[in-house]
Amino acid sequence: MQPGTPPTVTPFLRTAAAYAWRVLVVGLLVYSLFAVLGRFHEIGVAVFLGLVVTALLRPVADVVARGLPRPLAVALTLIGSIALVLGVLALMGEAVAGERTTLVREFRVGIGRIEDWLERPPFRLDPGALSDLQSRIGSFLSSHRSTLVSTALSGAGHVVAVLTTLALALFCAVFFVHSGDRQWRWFQEQLPRSVRGRVGIGGRAAWRTFTGYTYGIVLVAAINAVLVGLALWLLGVPLAVPLALLEFLAAFVPLIGSPIALAVAAVVALASQGPLVAAVVVALIVVIGQIEGHLLHPLVMSWAVRLHPLVVAISVIAGSIAAGIVGAVVAVPLVSVVWSVHTALREARGATDA
């Protein structure tokens with residue numbers, strides 16, 4: 001190379017550098033987004049729940065609004081939904097209270113059965129070790145009673161935060177259901193004219209994907225809960241209805257939520273019905289996992305969320321690391337929305353070029 005001649009850069013290195021700084025910018029934006037959500041996670045969770053409620057109840061409010069004024073239709077839809085949820089929770093509480101005496105007795109017998117099972121081959125545990133473990137747990141609870149009480153009192157602050165978040169989510173849902181389209185048009189009008197078209201395309205794609213994901217995950221969770229509740233009821237496991245409700249809520253965390261909920265059901269079955277029924281429940285974990293992973297998710301979610309299972313797994317783990325259980329729930333719809341916006345803008349750009 002002669003003096004004064006600029007160094008030549010290979011096309012591969014130039015392309016790698018171009019993609020590298022773009023990846024760095026995207027990574028910085030994602031990190032900043034999660035940092036902001038982590039700092040104001042109550043607001044982020046409230047808005048997310050408000051959007052979920054809007055996706056579920058907006059079609060119902062639109063139907064009711066055909067015969068009633070819009071504000072009255074929205075009020076009736078929200079009040080009816082809240083009454084339905086509170087009614088289900090009341091039924092769950094009544095079921096738990098009705099089975100409390102029987103459940104306590106079965107758990108005492110079940111714990112004794114488990115101890116006898118652990119003392120026999122192949123475990124051959126020393127009976128004194130189990131008794132010593134129970135005495136150690138009792139002494140630990142007695143010696144740390146003040147710490148446990150203070151921890152419970154400090155948890156009251158978390159309860160207040162949860163109630164505040166739910167109230168803000170309901171407040172957001174009221175306005176989203178009532179006039180979300182007008183709010184979106186107002187937001188678009190604040191943007192430069194040169195980007196309004198692209199923002200409109202991306203917004204429609206994002207909302208279509210988000211509503212599709214919401215409908216799909218609710219349907220998958222409902223099917224899982226029905227299957228689990230029916231199986232536990234046939235096996236005679238107590239608290240079948242509350243455990244089915246737990247399965248419904250856990251299904252909102254893809255891939256890992258259902259196994260955790262069914263593991264709780266297996267523990268209940270082990271303590272109340274013995275190891276044989278618990279083994280059947282463990283087999284149920286495998287069967288329902290296969291049904292969810294190979295039948296429900298491909299059929300129900302493929303039309304709304306076009307993500308590879310590996311991407312879903314990485315998103316759930318990354319979200320849980322960044323923001324705990326909230327991040328695990330939000331990660332998949334967030335990644336799905338981002339990908340759908342990218343795909344819609346790319347298709348629109350290709351149509352314009354053509």
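About the criteria used
- Along each chain, numbering runs from 1 in the same order as the chain's sequence is written.
- Where local features are concerned, this predicted model is filtered to residues with pLDDT of at least 70; where side-chain atom pairs are given and counted, the filter is 80 or more; whole-chain, interface and lining totals use all residues.
- Excluded from the side-chain calculations are hydrogens and water; all other atoms, namely the structure's heavy atoms, are used.
- A pair of aromatic rings is counted whenever rings of Phe, Tyr or Trp (Trp by its six-membered ring) have centres within 6.5 Å, and the orientation is called stacked for planes under 30 degrees apart, edge-to-face for over 60 and tilted otherwise.
- By definition, any uninterrupted DSSP run of H or I lasting at least four residues is a helix, any uninterrupted run of E lasting at least two residues is a strand, and each is numbered from the N terminus.
- For each residue, the accessible area found with a 1.4 Å probe, counting protein chains only, is set against the maximum for its type, and the residue is called buried under 20%, exposed over 50%, and partly exposed in between.
- Note on method: axes are straight lines fitted to C-alpha atoms, helices fitted across the in-contact stretch only, with angles between N-to-C directions ranging 0 to 180 degrees.
- Orientation labels follow simple angle bins: below 35 degrees gives roughly parallel, above 145 gives roughly antiparallel, 65 to 115 gives roughly perpendicular, and whatever is left gives oblique.
- In this scheme, a crossing is called left-handed if the near helix is turned counterclockwise away from the far one by less than a right angle; it is called right-handed if the turn is clockwise.
- The contact criterion used throughout is that any non-hydrogen atoms of two residues lie within 4.5 Å.
- Gly is put with the polar residues, along with every residue not named as nonpolar or charged; the nonpolar set is Ala, Val, Leu, Ile, Met, Phe, Trp, Tyr, Cys and Pro, and the charged set is Asp, Glu, Lys and Arg.
- For our purposes a nonpolar core is just a set of buried Ala, Val, Leu, Ile, Met, Phe, Trp, Tyr and Cys residues, chained together by side-chain atoms within 4.5 Å.
- Residues adjacent in sequence count toward polar contacts only when both atoms are side-chain atoms; beyond that, a polar contact is any pair of N or O atoms within 3.5 Å, and within protein one must be able to donate a hydrogen and the other to accept it.
- Working rule for helices: expected span equals 1.5 Å times residues minus one.
- What the bend at a residue measures is the angle between two axes, fitted to the seven residues ending there and to the seven starting there.

Attention now moves to the packing of aromatic side chains. Inspection of the entire model under this criterion finds 4 aromatic pairs. Here the aromatic rings of F48 and F210 are separated by 5.9 Å at their centres, their planes lie at 85°, and the arrangement is edge-to-face. Highlighted residues: F48 in helix α2 (residues 41-64) and F210 in helix α7 (residues 193-235), separated in sequence by 162 residues. Both residues of the pair, F48 and F210, count as buried. Following the ring pairs from residue to residue traces out a cluster consisting of F48, W207 and F210.

A word on the packing of helix α8 (residues 240-250) against helix α9 (residues 257-273). Contact geometry of α8 with α9 gives a least axis separation of 8 Å together with a crossing angle of 160°. As judged from the angle between their axes, α8 and α9 are roughly antiparallel. Pair α8 / α9 crosses with right-handed handedness. On the side of α8, the interface is formed by L243, L246, E247 and A250, while α9 contributes G257, S258, A261, L262, V264, A265 and V268. Considered class by class, the residues forming the contact of α8 with α9 number 8 nonpolar, 2 polar and 1 charged.

Attention now moves to the nonpolar core. Ranked by size, the top nonpolar core spans 18 residues in total, and within it L232, V237, L243, A269 and V281 carry the most contacts. Listed by contribution, the elements that provide at least two residues to this core are α7, α8, α9 and α10 (275-301). If you tally residues by element for this core, the top one is α10, at 6 residues. Contacts of L243, omitting those with residues within four sequence positions, involve L232, V237, P238, V264, A265 and V268.

Okay, the side chain of T343 next. Tracing the sequence through the fold places T343 in helix α11 (residues 309-353). A polar contact of 2.9 Å, which involves the side chain of T343, links it to the backbone oxygen of W339.

This part takes up α9. Along its 17 residues, α9 runs 24 Å from first to last C-alpha, staying within 8% of the 24 Å computed at 1.5 Å per residue. Taken as a whole, α9 has its buried residues at G257, S258, A261, L262, A265, A266, V268, A269, A271 and S272. Trailing α9 by a residue or two, G274 shows a phi angle of about 100°, which is positive.

Right, let's get into α2. The first and last C-alpha atoms of α2 sit 33 Å apart over 24 residues, in line with the 34 Å expected at 1.5 Å per residue. Bending of α2 peaks at approximately 45° at the position of L57, with proline P59 no more than four residues after it.

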